[in-house]
Structure formats: structure tokens, C-alpha cells
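Chain and residue survey
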Amino acid sequence: MAEAKPSKKRGGHTYGRRNSQMSNTAEEGELCLFVGHGIGRFSEKSMRYDSHQACTRCVASAREGRLSFDVNRLLKKWRKKALEFWSNVEIGAPDECWNWNGKINPRTDQPQFPWRRAGIASSTQHHPQRVAMWLTWGDLGFSGVKTTCGNRYCCNPFHLIPQKIGVFVDHDSYHDSFELACELHTLKQQVIDYQMDIAIEKAEEGKRIADAEARSEARHRMMFDVDTDYHARFEAVLTDMIDGRHITQTEPDDSAMYTQSPIDNDQDEDCDDDTDLDGKPTDF
Ligand SMILES: [Zn+2]
Ligand SMILES: [Zn+2]
């Protein structure tokens, strides 16, 4: 069989080539998702096979049949993204299908997960099975991925086989692996913590908004109450300004409220010469 030619083509419909053979030439590419896969210690580049933009180190470990659920093996900046992803997956037992609970494209009926991956794919939406592959088997670019279960909503990496890179799959040893069981347990816990954090954030945001509305409502009532004395008004305006929520600060462009252009009735010094000797102003 002829060796696939390295391709220089980037972006576009790169997924269209997912089923072609992986090239055997690599080039500097986007930094891999995994810690320690840069070219040098401080490099922002990883070596990637140019046909599929698969990280060469990730390909090597996938070929040996290594997969991992450990979010901490990812670069720090991607850990939250990974947890966001997994919080959309019904993580079950290793031999079960893990269904996608996230977004389904209403037009194509395909499950999708948003992730901007510059240098890997121009698309910002990815099939969750590919994302699950990236996070467990490795950053294999736009390599194809197939399921052993035939369920297109299944994101169980044990049911996912990256294509055309010679992945070694040994289900028995995966199911017996104590290390993988621990990683899976940790992942589930991290997803629960992540969901908790998100829920707390949302609740706090909601409370902040409600508090601000209540405060502004009370302020309104007080300012428009004819019985409010001058000192109370003055203090209210001052505290609002110090907190940065006075109307002149929050809506600086609202001309109706206060920003009528001031009219300067004084003449500038320069304009003195425009006055006639008898004191009559000249026409402009
Ligand atoms: Zn890698
Ligand atoms: Zn499955």
C-alpha cells in the first residue's frame, strides 16, 4: 500500500480526511492538550503528524493501548473545559454506554460540544466522541473515531477506537485495571465538584442581580420622595458615586438624564479681541 503523502492543507474540511491513512511525517504544530508534550520544556509547540494533526507522543501512547481519565494530566488551562465536557456525559460503569446529555444540533440531530481548537480544526463544534477521544486516548487531532457499540451518543472511551493509527485495545486489561478504576472514580468526583461550583456561581450571580435591583428600587423611592431631605439625597448620590453605580457612571451616554451640553456664557480671553471698541460683540 502506498504511503500517504504529507499534506500541507490546513483548516477547511479537514475532518473529511479523517479516514485516510496517517502520514509518517511530523511537523511543529499546536501545543498538545497534555502536560509534557511540548517540543521543549517551555515550547508552545508540539510535534504533530501533518496529515491529521495528531500529537506524536499521544499517538505513541495510544498505540501502546494507554488511555487515561486523569484530568490533571491535561494542561491546566484545559482542565475546566474537560470537566465541562464530562459534566455532559452520563458516566457509568466501564462496560456501559455513557450517553451524551449535552447539546444536540437540531438541524443535523448530531450531538456537539463547543471547543475552539486553533490549528486543529476550523470547526468550533465537535462530535463528543472525538472530544472524549482527545481527553482520554490523546490529542489525536482530527483522526476518525468509531464506536464498538454503535451508539452515536456514547462517549465511553472504552467503546471508542481512534482510527488509522494502530491503537492497541485490550478491554479485559482495562476493566481489570486498578489505576483506571481510580482515575474514573476521581473524574466522577471532580465532575460533581465542578457542577457544584457552577451551581453556586449561578446562585450567587442571581443573588447579586436581585440585590442590585432591590437596592436601586429603594434608592429610587427615596430620591423621588418629596420628604427626603437634602442631606439624605446628597449622601445617596455620594455613596453611589463612590461605588461606581451612580447614573452618570452606569449610563454615561444617557443624554436625557443629565448630560445636556453645558453652555459657557463667559467669553474666553482669546475672544476679547472680537469685541468692538464700543463694547458691542461682533457677529460670529
Ligand atoms: Zn500529546
Ligand atoms: Zn457505548
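The structure under discussion appears in the preceding block.
Our subject in this report is the structure included herewith. Being a predicted model, the structure only gives us computed values, none of them experimental.

As a further point, take the overall build of the protein chain. From N to C terminus, the protein chain includes seven helices and seven strands. In the protein chain, the order of α-helices and β-strands from amino to carboxyl end is β-β-β-α-α-β-β-α-β-β-α-α-α-α. Across the 284 residues that make up the protein chain, the buried fraction comes to 23%. Look at the contacts in the protein chain between residues 6 or more apart in sequence, and 53% of them connect residues 24 or more apart.

As a further point, take the environment of Gly92. Relative to the helices and strands, Gly92 is located in the loop between helix H2 (76-86) and strand S4 (113-114). On a C-alpha basis, the gap between Gly92 and Leu184 in space is 9.4 Å, while along the polypeptide they are 92 residues apart.

Moving on, we get to the nonpolar core. Within the largest apolar cluster, 38 residues are counted, with the highest numbers of intra-cluster contacts made by Ala54, Cys58, Val59 and Leu140. Elements supplying a minimum of two residues to this core: strand S3 (54-55), helix H1 (56-63), H2, helix H3 (128-136) and helix H5 (178-224). It is H3 that provides the largest number of residues to this core, a total of five residues. Discounting chain neighbours no more than four positions away, the residues touching Val59 are Tyr49, Ala54, Gly138, Leu140 and Ile165.

Further remarks concern the packing of H5 against helix H6 (residues 230-243). Taken N-terminus to C-terminus, the directions of H5 and H6 make an angle of 145°; their axes are 10 Å apart at the nearest point. Where H5 crosses over H6, the handedness of that crossing is left-handed. For the pair formed by H5 and H6, the contact residues are Arg219, Met222 and Met223 on the first element and Ala232, Arg233 and Ala236 on the second.

Here is what the cut-offs are and how they apply
Residues numbered from 1 in each chain as written. Chains lettered and ligands numbered in written order. Predicted model: local features only at pLDDT ≥ 70, side-chain atom pairs only at ≥ 80, totals over all residues. Helix = DSSP H or I, 4+ residues; strand = E, 2+ residues; numbered from the N terminus. Buried ≥ 20, exposed ≤ 12 C-beta atoms within 10 Å, placed from the backbone. Contact = placed C-beta atoms within 7 Å. Core = buried A, V, L, I, M, F, W, Y, C linked by C-beta atoms within 7 Å. Axes fitted to C-alpha atoms, helices over the stretch in contact; angles between N-to-C directions. Left-handed = near helix turned anticlockwise from the far one by under 90°.

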